[in-house]
Amino acid sequence: MDIGLVIFDCDGVLVDSEVLAVAVLIAELERVGVTVDESFVHRNFLGRSFAVVRDVVLREFGIALPESFQEEERARLLSAFETGLHPVPGAIETVMALRVPYCLATSSTPARLARSLELTGLAPLFEGRCFTSGQVARGKPAPDLFLFAAASMGVEPSRCLVIEDAEPGLRAAIDAGMQVWHFTGASHLAGRSLEATPGLRPHRRFDNFADFYTTMPGLRQDCCETLT
């Protein structure tokens, strides 16, 4: 395919953050009387905005999260990031080797995104290339964010390749008319059974950035050797 833009999700693709995020969210929900496990968080919250967390908790548990919840949860998560956040192995090298334009599109808040990129050394690579759900009317799984990113980068949706780890992002990319690859190599998916969702078929699935260029070597700069 003629790919003119690669759009990366951030959490669970570029940075190995989801294990930390899941643990913090479970603990914070427990503090307000909501008990959930990792499977529940993966099914309902992974790759989605805080608004979804708030709405699901109210609908499923009848508890309205306090106004301070998001700020306190975010502070504890950023604290966990300071010592526990790392880039996904091979992500930096893969981005640096791209011959086509790239950007990221994430459900994270701008503050969380900025700190994640700083801590993992990705900030210089994505300066001026970041798009967040707060910039569109509907976040993932709606296609709005990916379409906004493509338009902002001046590339038609049909020429975009999206790298995603979570179902909402996969669905958003497919509905945006983009090619989508499902990355399953971050630690939050280790050992998990990836059940097929009806109507949700990524064009490729891979679990190691060393294999990123295998099916599309043309995306890679001629001067760069294959990652090992």
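Data block above holds the structure.
This section reports on the structure supplied with the text.

1. Some words on the environment of S17
Part 1 of the reasoning: Examined against the element boundaries, S17 turns out to sit in the loop between strand 1 (5-8) and helix 1 (18-31).
Part 2 of the reasoning: Classification of S17 as buried rests on a relative accessible area of 0%.
Part 3 of the reasoning: Measuring from C-alpha to C-alpha, the distance between S17 and H188 comes to 8.3 Å, with 171 residues separating the pair along the chain.
Part 4 of the reasoning: Apart from the residues lying within four places of it in its own chain, the contact partners of S17 are D11, G12, F81, L85 and R112.

2. Details of the layout of surface pockets
Part 1 of the reasoning: By volume, the second largest pocket is sized at about 520 Å³.
Part 2 of the reasoning: Lining the second largest pocket we find 32 residues, and of these R48, S49, F50, S107 and R112 sit closest to its centre.
Part 3 of the reasoning: Of all the secondary structure elements, the ones that give two or more residues to the lining of the second largest pocket are helix 1, helix 3 (50-61), helix 4 (69-84) and helix 6 (110-120).
Part 4 of the reasoning: Of the residues assigned to the lining of the second largest pocket, the class counts are 11 nonpolar, 11 polar and 10 charged.

3. Let's talk about the environment of V24
Part 1 of the reasoning: Tracing the backbone through its elements, the reader meets V24 in helix 1.
Part 2 of the reasoning: For V24, a relative accessible area of 12% translates into the label buried.

4. Let's talk about the side chain of D165
Part 1 of the reasoning: Mapped onto the secondary structure, D165 falls in the loop between strand 4 (160-164) and helix 9 (167-175).
Part 2 of the reasoning: For the buried D165, no salt bridge is present, and the opposite-charge side chain at shortest range is K140, 6.8 Å distant.
Part 3 of the reasoning: Residues in contact with D165, not counting those within four places in the same chain, are D9, D11, G12, V13, E18, H182, F183, H188 and L189.

5. A closer look at helix 4
Part 1 of the reasoning: Taking 1.5 Å of rise per residue, the 16 residues of helix 4 would be expected to cover 22 Å, and the 22 Å separating its terminal C-alpha atoms lies within 8% of that figure.
Part 2 of the reasoning: Those residues of helix 4 lying buried are F69, E73, L77 and F81. One side of helix 4 holds all its buried residues, which, seen down the axis, span an arc of 95 degrees. Looking at helix 4, the residues exposed on the side facing more than 90 degrees away from the buried face are E71 and T83.
Part 3 of the reasoning: Against the buried residues of helix 4 lie helix 1, helix 3 and helix 6.

About the cut-offs
- Residues numbered from 1 in each chain as written.
- Predicted model: local features only at pLDDT ≥ 70, side-chain atom pairs only at ≥ 80, totals over all residues.
- Heavy atoms only, no water.
- Helix = DSSP H or I, 4+ residues; strand = E, 2+ residues; numbered from the N terminus.
- Buried < 20%, exposed > 50% of the residue type's maximum accessible area, 1.4 Å probe, protein only.
- Contact = heavy atoms within 4.5 Å.
- 1 Å grid on protein atoms, 1.4 Å probe; cavity = no way out; pocket = protein on both sides within 12 Å on 5 of 7 lines; lining within 4 Å.
- Points joined across faces, edges and corners; volume = space filled by probe spheres on them.
- Nonpolar A, V, L, I, M, F, W, Y, C, P; charged D, E, K, R; others polar.
- Lys, Arg positive; Asp, Glu negative; His and termini not counted.
- Salt bridge = Lys/Arg side-chain N within 4 Å of Asp/Glu carboxyl O.
- Expected span 1.5 Å × (residues − 1).
- Arc of directions from axis to C-beta.

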